[in-house]
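Listed below are the residues making up each chain.
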Amino acid sequence: QVQLVESGGGLVQAGGSLRLSCAASESLFSIRHMGWYRQAPGNKRDMVATIYDDGNTNYADSVKGRFIISRDNAKNTVYLQMNSLKPEDTAVYYCRFISTSGYPYWGQGTQVTVSS
């Protein structure tokens, strides 16, 4: 079974940066798109950023201009560069891969904490 392994989370001061990575443990034949979601305590899991197979991207309004999503299909890896971090960015971040058949793969989640 394919596993998505996340790394790069941690504690950072407001205004700082972090770079999250998410890599599949096994090669995948085809990925339609890759994305990042986040969930803060008491909240639902929301989309943060998505990158599609044609290279197009989509971002939540709250992170536009601060976060950048990128991918390396050959390495089955997606990245999230997070700049100008704010305390409200504090959450558990989950990566998600969607296959061409529509099957979702989820990462285990990584904690991002932004202090004031």
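Everything that follows concerns the structure shown earlier in this document.
Here the structure is a predicted model, which means the values were calculated and not measured. (Residues numbered from 1 in each chain as written. Predicted model: local features only at pLDDT ≥ 70, side-chain atom pairs only at ≥ 80, totals over all residues. Heavy atoms only, no water.)

Looking now at the environment of Met47. Position of Met47 relative to the elements: it lies in strand S5 (residues 46–52). Spatially, the C-alpha atom of Met47 lies 9.3 Å from that of Asn58, the residues being eleven residues apart in sequence. When neighbours within four sequence positions are excluded, Met47 is seen to be in contact with Trp36, Tyr37, Asn58, Tyr59 and Ala60. (Helix = DSSP H or I, 4+ residues; strand = E, 2+ residues; numbered from the N terminus. Contact = heavy atoms within 4.5 Å.)

A separate point is the state of the cysteines. On inspection of all chains with the given rule, the structure shows one disulfide. Disulfide pairing places Cys22 opposite Cys95 at an S-S distance of 1.9 Å. Where Cys22 bonds to Cys95 through sulfur, the torsion about that S-S bond is close to 50°, and the disulfide is right-handed. Linking Cys22 in strand S3 (residues 18–24) with Cys95 in strand S9 (residues 91–99), this pair joins segments that are 73 residues apart in sequence. (Disulfide = S-S within 2.5 Å.)

With antiparallel pairing, four strands are arranged side by side in an open sheet as S1-S3-S8-S7. Edge strands, defined here as strands with exactly one partner in the open sheet, are strand S1 (4–7) and strand S7 (67–72). With strand direction ignored, the average angle separating the axes of adjacent strands in the sheet is 15°. Where S7 meets strand S8 (residues 77–82), six bridges bridge the pair, whose relative direction is antiparallel. Bridging across to S8, Ser70 finds its partner in Tyr79. (Pairing = 2+ DSSP bridges. Axes fitted to C-alpha atoms, helices over the stretch in contact; angles between N-to-C directions.)

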